2 protein chains.
Amino acid sequence: MQDRLAHTAARVEAELDRLLPCPEDERYRLGEAMRYAVLGGGKRLRPFLLLESAGLFDVPEDRAMRVAAALEMVHGYSLVHDDLPAMDDSELRRGRATVHRAFDDATAVLAGDALLTEAFGVLADPATHPDAEVRIKLVKGLSEAAGLHGMAGGQALDLAAESQAGDLMLKDIIALQGRKTGALIVYACTAGAELGQAGDEAYRALAAFGDRLGLAFQIADDLLDHSGSEAETGKPVGRDADRGKATFVDLLGPAGAEEKASDLLAEAREYLDLFGPKADFLRAVTVFVLERKA
Amino acid sequence: MQDRLAHTAARVEAELDRLLPCPEDERYRLGEAMRYAVLGGGKRLRPFLLLESAGLFDVPEDRAMRVAAALEMVHGYSLVHDDLPAMDDSELRRGRATVHRAFDDATAVLAGDALLTEAFGVLADPATHPDAEVRIKLVKGLSEAAGLHGMAGGQALDLAAESQAGDLMLKDIIALQGRKTGALIVYACTAGAELGQAGDEAYRALAAFGDRLGLAFQIADDLLDHSGSEAETGKPVGRDADRGKATFVDLLGPAGAEEKASDLLAEAREYLDLFGPKADFLRAVTVFVLERKA
């Protein structure tokens, strides 16, 4: 599993490198910031989910790889903007300076904007799929997963929660995280079905798998933030607690949170039954989620 | 012309109001910031160009109106992010507080992000055009006009120019503005041809029209910044000069800049010959550009 994850990460890195060449004129600083934001690390969990899901339907890898890269651009944009002084004001990400620290605030705003914009261009390109209907569904799905009803909406709930710390209940955090991190993970799991023009049953199973997995992933993140070390996670730990943000660990305790994540992952695995042994690496992801250290 | 512009502006306002309902949960603050950013004013020049161009090909108005609204979301997003403290640090826009002043910096970052994201969703929706091929071209075109090769790239050139004030030559400013403001105006002029599935000749004529018009529009903006009053323009004037940004007026003088704009507008009008009297309101825009006071 670790080998396959590393292998996928290397291929995604190469695809992003190819899709984001650095401009040779005065835009090079923006281009470098965009590349800095998405190259050089990360688990590439979302691309892995996308490629493995696409593999269930024998989607040609070059097509799935483009969507994986677009998804990673959107994930990268969200991290760059989240890290801004106006937002979380983070200095470290994956063990190195965040984009606004390595460049400057204006370039970071712009790099995020441009990554988001380019991601839609990658999806819309005929190289992603010969059928325009498939490409347009990928575009619409990404807009929904990243916009007011998805990631940006979740971020807004998070901002609102910061100004009323302590009031969040479990269902509120689930709703918040479902949008903030869950929507893009669900997209990662369903885009392969879209590319493979799979039937409704397969699509819905993967959506449900992604939903449970995404939530478990967030709980695992909270557990890491609670107990991990900065050296392990590559970013400062305990920051959520510092700012009075309610986490799953606060509400359920470490043991309760771990149990909840385990239950969700078991549920996630059930949705994979439909796909037999082809889904073995997706099953392996559900084990990896709770074992990871960063 | 003023009547028709005002009438179009009112209809675009209604469409944006319809497409951006305010969420009823804790995301309402983000929703309100998005609405604040795009509702309540502006000349709506880009939507006007789009609707008039679409009219050349008898495109149903509800379709053109959706693309016009998407375009205005992208224009709105760019203004919100440009106004941020990290960028131009502007307090006033269209005579009222900018989004980060009326709300806060984090909400402004997020509102821009969400507007950009939703714009692609509006284009991708089947209500925009029944043919997915047409919708995907609109998506790809918008990504190109707004991304690294278009608006965001132009903004990067602008940031680079600020740190090396005085070095810009006329060709540099033309290249910068062609990306920063021109690309979206060209998109406004060509999206109607895309919606109408017009031939190459018509598409290229409208692209050339938009290119010349966009540049003239920027020169007129520089002239207004040079000579207009804050009461007329709704934003602080003379700011470009304060920050040592080279403008067309610096390089050509007020009379030279006005002559250059006139020449470009005459050129723009020639590209409309193809369309006969149907293009009379697009012709009228070329007159309006130099007469406007805000």
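- As named in an unreviewed UniProt entry, chain A is Polyprenyl synthetase family protein, taken from Fodinicurvata halophila.
- Its UniProt record, at the heading Sequence similarities (unreviewed entry), says of chain A: "Belongs to the FPP/GGPP synthase family."
- What the UniProt record of chain A gives under Cofactor (unreviewed entry) is the line "Mg(2+)".

### Observations regarding the pattern of salt bridges
Pairs can form between side chains of opposite charge once their charged atoms are near each other.
Phase 1 of the analysis: Per the stated rule, a full pass over the model turns up 38 salt bridges over all chains.
Phase 2 of the analysis: Arg27(A) is the partner of Asp25(A) in a salt bridge, and the nearest nitrogen-oxygen pair spans 3.0 Å.
Phase 3 of the analysis: According to the relative accessible area criterion, Asp25(A) is partly exposed, its value standing at 29%.
Phase 4 of the analysis: Residue classification places Arg27(A) among the buried residues on the basis of a relative accessible area of 7%.
Phase 5 of the analysis: In this structure, the salt-bridge partner of Glu13(B) is Arg44(B), at a minimum N-O distance of 2.8 Å. Linking Glu13(B) in helix H1 (residues 2–19) with Arg44(B) in the loop between helix H2 (28–38) and helix H3 (45–56), this pair joins segments that are 31 residues apart in sequence.
Phase 6 of the analysis: Residue classification places Glu13(B) among the partly exposed residues on the basis of a relative accessible area of 24%.
Phase 7 of the analysis: Exposure remark for Arg44(B): the relative accessible area of 2% places this residue in the buried category.

### Quick notes on the packing of aromatic side chains
Phase 1 of the analysis: Taken as a whole and judged by the stated rule, the model has five aromatic pairs over all chains.
Phase 2 of the analysis: A centroid spacing of 4.2 Å and a plane angle of 10 degrees characterise the contact between Phe120(A) and Phe120(B), whose relative ring orientation is stacked. Pair noted here: Phe120(A) is in helix H6 (residues 105–124) and Phe120(B) is in helix H6 (residues 105–124), and the two residues belong to different chains. Comparing Phe120(A) with Phe120(B), the two get one shared label, buried.
Phase 3 of the analysis: For the pair Phe57(B) and Phe275(B), a centre-to-centre distance of 6.1 Å together with 90 degrees between the ring planes defines the contact as edge-to-face. Separated by 218 residues along the polypeptide, Phe57(B) in the loop between H3 and helix H4 (61–83) and Phe275(B) in the loop between helix H13 (248–270) and helix H14 (280–291) bring together distant segments of the chain.
Phase 4 of the analysis: By relative accessible area, Phe275(B) is classed as buried at 14%.
Phase 5 of the analysis: A cation over a ring is seen here: Arg4(A) above Phe281(A), with NZ or CZ 3.8 Å from the ring centre.

### A closer look at the relation of the copies chain B and chain A
Phase 1 of the analysis: Once chain B has been moved 0.0 Å along the axis and rotated by 180 degrees, it coincides with chain A to within an RMSD of 0.0 Å. Here the copies are linked by what is in effect a two-fold axis.
Phase 2 of the analysis: When the interface residues of chain B are mapped onto chain A, 100% of them are again interface residues, pointing to one common binding face.

### A closer look at the nonpolar core
Phase 1 of the analysis: Formed by 196 residues in total, the largest nonpolar core has its most connected members in Leu49(A) and Leu49(B).
Phase 2 of the analysis: Sequence-distant contacts of Leu49(B), that is, excluding residues within four places in its chain, are made with Ile185(B), Ala188(B), Cys189(B), Phe209(B), Leu213(B), Leu282(B) and Val285(B).

What counts as what
Residues numbered from 1 in each chain as written. Chains lettered and ligands numbered in written order. Predicted model: local features only at pLDDT ≥ 70, side-chain atom pairs only at ≥ 80, totals over all residues. Heavy atoms only, no water. UniProt positions renumbered as here; feature names shortened; annotations may be inferred. Salt bridge = Lys/Arg side-chain N within 4 Å of Asp/Glu carboxyl O. Buried < 20%, exposed > 50% of the residue type's maximum accessible area, 1.4 Å probe, protein only. Helix = DSSP H or I, 4+ residues; strand = E, 2+ residues; numbered from the N terminus. Phe/Tyr/Trp six-rings, centres within 6.5 Å; stacked < 30°, edge-to-face > 60°. Lys NZ or Arg CZ within 6 Å of the ring centre and 35° of its normal. Least-squares fit on C-alpha atoms with pLDDT ≥ 70 in both. Contact = heavy atoms within 4.5 Å. Core = buried A, V, L, I, M, F, W, Y, C linked by side-chain atoms within 4.5 Å.

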